Amino acid sequence: MFSYCTDPDTLDGLAWLSCYLTTGKHIGFYWSFGTVLLLLAITAPTALLFGYGGASAARSRVAPIRWFGKTYMAIVRGVPDIAFFLFFVIALDQGIEYLRHVTLCPDWGQSVRQGNDFVVCTAAKMPLGNAPQWLHEVYGAGLAVLTFAIVFGAFAANVLFGAMRAVPRAQLETAEAYGMTRRQVTRRVLVPQMWVYALPGLSNLWMVLIKATPLLFLLGVEDIVYWARELGGTKTARFTDYPHGDWRVYYFAFLLVFYLAFTKVSEVVLSRVMARLTRGQATSGGEAQRKAA
């Protein structure tokens, strides 16, 4: 913060604005953009991993595994995201604490369910009450990433399942006729070709994931939408050195530009990835590229 910001009453114009935009809360607002991007960078590949696991399970020859994969896709896709976020995080957190409670406090003589309260011994708390603040934040972010990955992993599983079925069966049978095992066919033939069919659906899923980042606030993460609402609301001289009216429209307009720019960059990158994947492939995209050449 600039040295001349110690007495805000003497400032006006650009000097006041420069001091206002460098307060501690605004620094937190700027850092929240990095938090959102970091969570996206972690969540996207994690959700893709869940999706591949779900799609592979749905194609399994073992009936219980196949039922599990299809049930995972059906249930998670059928539940509204906001309801899943509100319920699953609480259930997961209490499940972890309950397992720790049973392990660490076997002599506990009371029920963990006491009316509407969920009570476990102090040693079973996650994280512990005396844990540093950063550990609480990392734990909350971890629950957020896992929740996002499970939800969007179900949608990714459906996309990948359809992409796997779109690969011509004749190619898989030819690979098997050459003596490849089922695992080799999957790794060398199925997976390399399925991305061409999966990428359009995964691209849409990536856009939805970007737009879903404001739901991080429901999971206890102070994201950019939280800070925009917090900083843009009316401030009076009683609560801040920089009073102002309702400026939420300006903050949310800035977020609008950010999200539009982010999605535009994503479209450019994904289109180039699609062009690279369809090169030489026996698909409509690959055929269009051959004709253009």
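Refer to the preceding data block for the structure.
Remember, it's a predicted structure, so these values are computed and weren't measured experimentally.

(A) Highlighting the pattern of salt bridges. The tally for this structure, following the rule as stated, stands at 4 salt bridges. Its salt-bridge partner being Lys 25, residue Glu 230 comes within 3.6 Å of it at the nearest N-O pair. Of this pair, Glu 230 sits in helix H8 (residues 224-232) while Lys 25 sits in helix H2 (residues 24-58), and the two are 205 residues apart along the sequence. Looking at Lys 25, the relative accessible area reads 42%, which means it is partly exposed. Glu 173 is paired through a salt bridge with Arg 169; the nearest N and O atoms lie 3.5 Å apart. One end of the pair is Glu 173 and the other is Arg 169, both in helix H6 (residues 169-177) and 4 residues apart, which spans about a single turn. Since its relative accessible area comes to 43%, Glu 173 is described here as partly exposed. Three or more residues joined by partner-sharing salt bridges are found here, namely Arg 169, Glu 173 and Glu 176.

(B) Fine view of the state of the cysteines. Within the structure shown, the criterion is met by 1 disulfide. The disulfide bridge from Cys 105 ends at Cys 121, spanning 1.9 Å between sulfur atoms. Negative torsions about the S-S bond denote left-handed disulfides, and the value of about 80° found for Cys 105 with Cys 121 makes this one right-handed. Residue Cys 105 is located in the loop between helix H4 (81-104) and strand E1 (113-114), and its partner Cys 121 is located in the loop between strand E2 (117-118) and helix H5 (133-166); the two are separated by 16 residues in the primary sequence. With respect to burial, Cys 105 and Cys 121 carry one shared label: buried.

(C) Inspection of the packing of aromatic side chains at higher detail. Overall, the coordinates contain 11 aromatic pairs when judged by the stated rule. Arranged with centres 4.9 Å apart and planes meeting at 85°, the rings of Phe 33 and Phe 258 form a pair that is edge-to-face. Taken together, the positions of Phe 33 in helix H2 and Phe 258 in helix H9 (residues 248-278) put the pair 225 residues apart, joining distant regions of the chain. As far as burial versus exposure is concerned, Phe 33 and Phe 258 are alike and both buried. Taken together, a centroid distance of 6.2 Å and an interplanar angle of 85° make the contact between Trp 206 and Phe 262 edge-to-face. Note that Trp 206 is positioned in helix H7 (residues 182-211) and Phe 262 in helix H9, a separation of 56 residues in sequence. Look at Trp 206 and you get partly exposed, because its relative accessible area is 22%. Members of the aromatic cluster, connected to one another through ring pairs, are Phe 29, Tyr 30, Phe 33, Trp 206, Tyr 251, Phe 254, Phe 258, Tyr 259 and Phe 262.

(D) Quick peek at helix H3 (residues 63-78). Between its first and last C-alpha atoms H3 spans 22 Å; for 16 residues at 1.5 Å apiece the expected length is 22 Å, and the two agree. Next to the buried residues of H3 lie H2, H4 and H5.

(E) Representation of empty space enclosed by the protein. If you walk through the whole model with that rule in mind, you get 2 cavities of 30 Å³ or more. Roughly 60 Å³ of internal volume is contained in the largest cavity. Around the largest cavity, the lining residues are Arg 59, Arg 169, Leu 172, Glu 176, Arg 182, Val 185, Thr 186 and Leu 190. Looking at the lining of the largest cavity, the elements that each hand over two or more residues are H6 and H7. At 4 residues, H7 tops the list of elements feeding residues into the lining of the largest cavity. In this structure, the second largest cavity encloses a volume near 40 Å³. In terms of residue count, the dominant contributor to the lining of the second largest cavity is H2 (4 residues). Here the lining of the second largest cavity is composed, by residue class, of 5 nonpolar, 2 polar and no charged.

Definitions and limits used
Residues numbered from 1 in each chain as written. Predicted model: local features only at pLDDT ≥ 70, side-chain atom pairs only at ≥ 80, totals over all residues. Heavy atoms only, no water. Salt bridge = Lys/Arg side-chain N within 4 Å of Asp/Glu carboxyl O. Helix = DSSP H or I, 4+ residues; strand = E, 2+ residues; numbered from the N terminus. Buried < 20%, exposed > 50% of the residue type's maximum accessible area, 1.4 Å probe, protein only. Disulfide = S-S within 2.5 Å. Phe/Tyr/Trp six-rings, centres within 6.5 Å; stacked < 30°, edge-to-face > 60°. Expected span 1.5 Å × (residues − 1). Contact = heavy atoms within 4.5 Å. 1 Å grid on protein atoms, 1.4 Å probe; cavity = no way out; pocket = protein on both sides within 12 Å on 5 of 7 lines; lining within 4 Å. Points joined across faces, edges and corners; volume = space filled by probe spheres on them. Nonpolar A, V, L, I, M, F, W, Y, C, P; charged D, E, K, R; others polar.

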